[in-house]
Amino acid sequence: MAAPNIEAIVGLAKRRGFVFPSSEVYGGLGSSWDYGPLGVELCNNVKRAWWRAMVYNRDDIEGLDSSIILNRLVWKHSGHEDTFSDPLVDCRDCKTRLRADKLESPAGQPGAPESEVAELIRAKRIKCPNCGSTDLTEPRPFNLMFRTTLGAASEADDPAALAYLRPETAQGIFINYLNVQQSMRRKLPFGVAQIGKSFRNEVTPGNFIFRTREFEQMEMEYFVRPGEDEQSHQEWIDFFVAWYGSLGLSPANLRLYEQPREELAHYAKRTVDILYRFFPEREDEAKQWDELMGIANRTDFDLRAHSKNPADAEGKRFNPDSTEDLSYFDEAAKERFYPYVIEPAAGVNRSVLAFLMDAYTERTTEKGETRVVLKLHPELAPIKAAVLPLAKNKPEIVGMAKAIKRSLQPVLRAVYDDTGGIGKLYARQDEVGTPFCVTVDHQSLEDEAVTVRDRDTWGQERVKVSDLHEHLRGRLGLGNQC
Ligand code: GAP
């Protein structure tokens, strides 16, 4: 079972401290969300699992943390200033702003080519999804990059001070390609991984944390010899399907989408998206799926674009601003070339949403009450163990429970809770995905043992306090990564 819809997660997320609407005391800010005490743990666990899979568990990938604000020329030569835009359409009646590529044609299909959408709008054959009017403007490009100005003295419209908040983390990797390759003495193939915030002034953000204007990305650029790109691309597609599966996403809720030629970004030779069933409530099965991550073959576009050397037949440089050449010299083959890049690019927030939706289950108690149990993978669970005293008015039991919590904390994320009866405390931990509850009772004072309760089976087991660390670590299946 998974969540029946995103709404089921929105309520749970707020009630249990995962995600709050941002700026709520001032009426909120559209499509902005803040991560609460459990949300920040979940995000960190997702990022840590990704970083481990990329940087620690492999020998061919380095990490990087580049700036959010880069030299404007980066975005000029990457193509973002000219092409990083969505086709914008306004409804003249209700003033809603719409994305032309998401508008449904009369046949009920979104994604028609822009020229076709313009034609259909002129013929008044497309309706505003908000008010049903056919009085729509023609599509026009709207650049998604957030603009800002640098320096205390700069005027708001001073072109010399213009800068952007990065819309992807990838460009920070390309402009550091040579730094990483040379400082770490890397030979092809090798990759550079980065996690960080990106910003896009989305025309139609929404669906909770699925599409927001500020979000976090986990991107890895894998540099290969031209000719080895297609096989590497396929390997990374397979790798990430397996990675999401290993962290608990059901294969039935994942599928691949091969982007057709007309959808490809300006830099891509081939892109395959991993889709997740984010909208299971939709009647039309095809509309239940949306992008979880993309895996693109960016060819040598970016390294060439940021290099000083390539020139046209008359010797005119394509990039007169760059001071470096980002080509690679293969010592063995005595050959110089621009590496191709395979890019697996995932969203932290979208991954968190998918993990939450997939983990959502409901279970009925013997008394006929329905409980939510969040069956998060132990590695992702915000809390690994909750230590609960059976009687909070017994100082010896409370003292023992607090001491157990303190002893567990260096080994794994543990909490102490005595704010309700034991049934309520179990229910609360089930709802936030805590794999184990450790209960201290009267007998514990006699036999130095506690009850360990399993979130998924509700089964209970008596464990000696002296064996508790090993017992939990074993059952959580964790190494040194809590
Ligand atoms: N460097 C390539 C790149 O940025 P993308 O498909 O535009 O590719 C990669 O973004 C991933 O980042 C997406 O698959 C999605 O998970 C996440 N993402 C993109 N825009 C987002 C947004 N507005 N809100 C939340 N996540 C977003």
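Refer to the structure presented above.
Read on for an overview of the structure. Quick caveat, the model's predicted, so the values are computed rather than measured.

**Section: the sheet that holds strand 20 (residues 414–416)**
- The mixed open sheet is built from 5 strands, whose spatial order is 20-19-21-22-23. Taken across any chain shown, the strands that pair with only one partner, and hence form the sheet edges, are strand 20 and strand 23 (460–464). Going across the sheet, the axis of each strand differs from the next one's by a mean of 25°, ignoring polarity.
- Note: strand 22 (residues 449–454) against strand 23, 5 bridges, orientation antiparallel. When the bridges of strand 23 are listed, Val452 appears paired with Glu461.

**Re unusual backbone geometry**
- The omega angle of the peptide bond from Leu188 to Pro189 is -5°, so this bond is cis rather than trans.
- Position of Pro189 among the secondary structure elements: in the loop between helix 7 (177–183) and strand 9 (190–199).
- Even without glycine at this site, Ser31 takes up a positive phi of about 55°.
- Along the polypeptide, Ser31 turns up in the loop between strand 1 (19–21) and strand 2 (33–35).
- You will see that Arg185, though not glycine, has its phi angle at about 50°, which is positive.

**Notes on the side chain of Arg277**
- Residue placement: Arg277 occurs in the loop between strand 12 (270–276) and strand 13 (290–299).
- In terms of polar contacts, Arg277 uses its side chain to reach the side chain of Asn253, at 3.1 Å.
- Not counting the four nearest positions on each side in its chain, Arg277 is found in contact with Ala252, Asn253, Glu285, Gln288, Trp289 and Met357.

**With respect to the packing of aromatic side chains**
- For the structure shown, the criterion picks out 18 aromatic pairs.
- Geometrically, the ring pair formed by Phe240 and Trp243 is edge-to-face, given 5.9 Å between the ring centres and 70° between the ring planes. In this pair, Phe240 and Trp243 both sit in helix 8 (residues 229–246), 3 residues apart, roughly one turn of the helix.
- Ring centres 5.9 Å apart and planes at 35° place the aromatic pair Tyr244 and Phe355 in the tilted group. Note that Tyr244 is positioned in helix 8 and Phe355 in helix 10 (residues 348–359), a separation of 111 residues in sequence. The burial state of Tyr244 is the same as that of Phe355; both residues are buried.
- Linked through ring pairs, Tyr222, Trp236, Phe239, Phe240, Trp243, Tyr244 and Phe355 together constitute an aromatic cluster.
- If you follow Arg282 out to its NZ or CZ, it ends over the ring of Phe279, 3.8 Å from the centre.

Each value, and the rule that gives it
Residues numbered from 1 in each chain as written. Predicted model: local features only at pLDDT ≥ 70, side-chain atom pairs only at ≥ 80, totals over all residues. Heavy atoms only, no water. Pairing = 2+ DSSP bridges. Helix = DSSP H or I, 4+ residues; strand = E, 2+ residues; numbered from the N terminus. Axes fitted to C-alpha atoms, helices over the stretch in contact; angles between N-to-C directions. Polar contact = N/O pair within 3.5 Å; in protein donor to acceptor, adjacent residues only side chain to side chain. Contact = heavy atoms within 4.5 Å. Phe/Tyr/Trp six-rings, centres within 6.5 Å; stacked < 30°, edge-to-face > 60°. Buried < 20%, exposed > 50% of the residue type's maximum accessible area, 1.4 Å probe, protein only. Lys NZ or Arg CZ within 6 Å of the ring centre and 35° of its normal.

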